[in-house]
Amino acid sequence: MTNPYETLGPEKFWRSAVADIRPGDAFPGIWAPKYAIDNQSGFITAGSCFAQHVGKWLAANGFRFSPSKIAPEFNFSFALGNIYTPALMRQWLEAATGNRELDGQIAEQDGRFHDLLCPTVCKNGYASEAELLAARQAAITEIADQIKGTDLFVFTLGLTEAWRHSDGTVYPMCPGTLAGTFDPEAHHFHNYSHAETLEEMEAACRLARALNPGIRFLLTVSPVPLTATASNSHVLVATTYSKSILRAVAGELAAHHAWIDYFPSFELIASPPIGGRYFEPNQRNVRPEGVAFVMSHLEAGLGVKSKPTVAGAAPADEDAICEELLLENWNSNHRTDTSARFCLVGDSHMPLLARSFTRKNLPTLGGMIMMGASWAAGKFRPDAEDFFVPLESRATRHHWLQTLEDLTAAEKATGQKPVIVTNIGLNTRASVNQLIQWLQARNMLQNLDVNKCFDFFNEVKAPHKAAIKAFVDAGYRVLVFSDPPLQRFYEKGSEIEPFVELYEKLFCLVVRSLGAEFILVRERMEAEGRISETLCSQTLLADGGRDWMHGSDEYYDIIRDWLVAA
């Protein structure tokens, strides 16, 4: 041997290991577990959203994955939702080991109590503070039980940015975004350094081993970029800073501890040779093909063959998608342009439509005011002065007040009222379920009387009708458009498509009777021969299927062009 490189395998050289690999092909030898793992090993998962895919894959392939019994819908092992930072994981583990009391951090809104330490687990809040604290303690107890009963802890590091209370408490997200009220005197932004992140992650691992001395860790880094940054940097720079630190910390811990390993999910999606091929057009969300590509390397390293799966349509994490769109709409992309011709008022379809307008350099006002489920449930009340008042949270009321201010400013600047573009009253998933339940209660499913169905809109959708009528009475031109007519491309969506079609046609007649205009997307797209699978969203849901409630960029571009021409 003349030099140490002569005996190295092909996976050690860039040309043979990377450059010569065809796009989409696997990278042989990129990962092998440093300790024994088989289908008798117990697994738990936590961390950023990408860890859900690991848990789902383990469960589908015969491994002993233990999801939370309290909140199994998250595909995590703890009833906490996403844990983006090592500091937050450490905080929960300190509570689970009895080293920290997690008191307070409760926000009362509209008679409901919200837990600021895990606001996504019970979005509608608890009936009392006592009920909230009991749920929090149950989650802490489950953390300890899950760790004591497992062999391997898969943790996905997601962010370095966090919001902390002045008393040191770490939040999963900034108060005021989903629950509570932001207080600049009490709530402070912090971007963890490499040294801090290393300390927090190592402390979290050791706390887990205090509960279970034999537990091992498999660390991953989420390839998903930041939705928004509160730092002074551009979001691209902030993302690179965050992911660089997280990747370095994971690698350093794996190098120094025999019981910590690293799996390269970040490299398999976000590294330059991949060329961004597994990101959706927004360059953030990972396409289903990308998840499958990552998991194929996990199964190769474990020496197993994955079972074939059927992509489902159940919107298991639709709320998470909607929350992300809400944050994007009001935190990172919100700008007021008084020349805007359109004001968007509705649910998560509005940020996607706003993106389409932005691609044509056309400004819009408003956007996503509330979650679709809240619209469907009537979590707003008609108001003589403000058209309606959102009741989902203080944050949504702030969004609406901002929209009203922008409407007034645009009218003064142009001398014309912007056109109100809305889907109030649609919110298909929840609204159609309401209609089906209403029909069942009246034994009308088998013997459908279309004329009597209008009673449903008078009884259940009266607030939605009042809101639309208020805009019309105030002199606004109102364009209501129906949701994507793409249910036929999804197994579970196709089951309810006849009821979706019925709901759309009935609501179209209701809206037009109020003096507003209605764009029946299904009817118009069928007439133009446009309905195709290319209009479907590529966003992956927690159950492995695609997001069947939203459309693709091409879909929203079509809606935009119709609105501009209307």
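Computed from a predicted model, the values in this text were never measured in an experiment. (Residues numbered from 1 in each chain as written. Predicted model: local features only at pLDDT ≥ 70, side-chain atom pairs only at ≥ 80, totals over all residues. Heavy atoms only, no water.)

### Some details on unusual backbone geometry
Positive phi, normally seen in glycine, also occurs at Gln105, with a value near 55°. In this fold, Gln105 is placed in the loop between α3 (86-96) and β3 (106-109). Residue classification places Gln105 among the buried positions, given a relative accessible area of 12%. Positive phi, normally seen in glycine, also occurs at Asn361, with a value near 60°. Among the secondary structure elements, Asn361 is positioned in the loop between α10 (349-359) and β12 (364-368). (Helix = DSSP H or I, 4+ residues; strand = E, 2+ residues; numbered from the N terminus. Buried < 20%, exposed > 50% of the residue type's maximum accessible area, 1.4 Å probe, protein only.)

### Overview of the pairing of strand β5 (residues 152-157)
With six of six residues buried, β5 lies mostly within the body of the structure. A two-sided burial pattern is seen for β5, the buried positions comprising Leu152, Val154 and Thr156 on one face and Phe153, Phe155 and Leu157 on the other. Relative to β5, strand β1 (residues 42-47) runs parallel, the two being bridged by five bridges. Within β5, the residue paired with Phe43 across the bridge is Leu152. The pairing of β5 with strand β9 (residues 216-221) spans six bridges and is parallel. Looking at β9, one finds that Val154 is bridged to Leu218. (Pairing = 2+ DSSP bridges.)

### Overview of the pattern of salt bridges
Under the definition given, this model contains 27 salt bridges. The salt bridge partner of Arg359 is Asp553, with a shortest N-O separation of 3.7 Å. Here Arg359, found in helix α10, pairs with Asp553, found in helix α18 (residues 553-565); they are 194 residues apart in sequence, far enough to count as distant. Given the relative accessible area of 38%, Arg359 is considered partly exposed. Using a relative accessible area of 27% as the deciding quantity, one classes Asp553 as partly exposed. For the salt bridge of Lys505 with Glu501, the shortest nitrogen-to-oxygen distance reads 3.5 Å. Separated by four residues within a single helix, Lys505 and Glu501 lie in helix α16 (residues 491-513), roughly one turn from each other. (Salt bridge = Lys/Arg side-chain N within 4 Å of Asp/Glu carboxyl O.)

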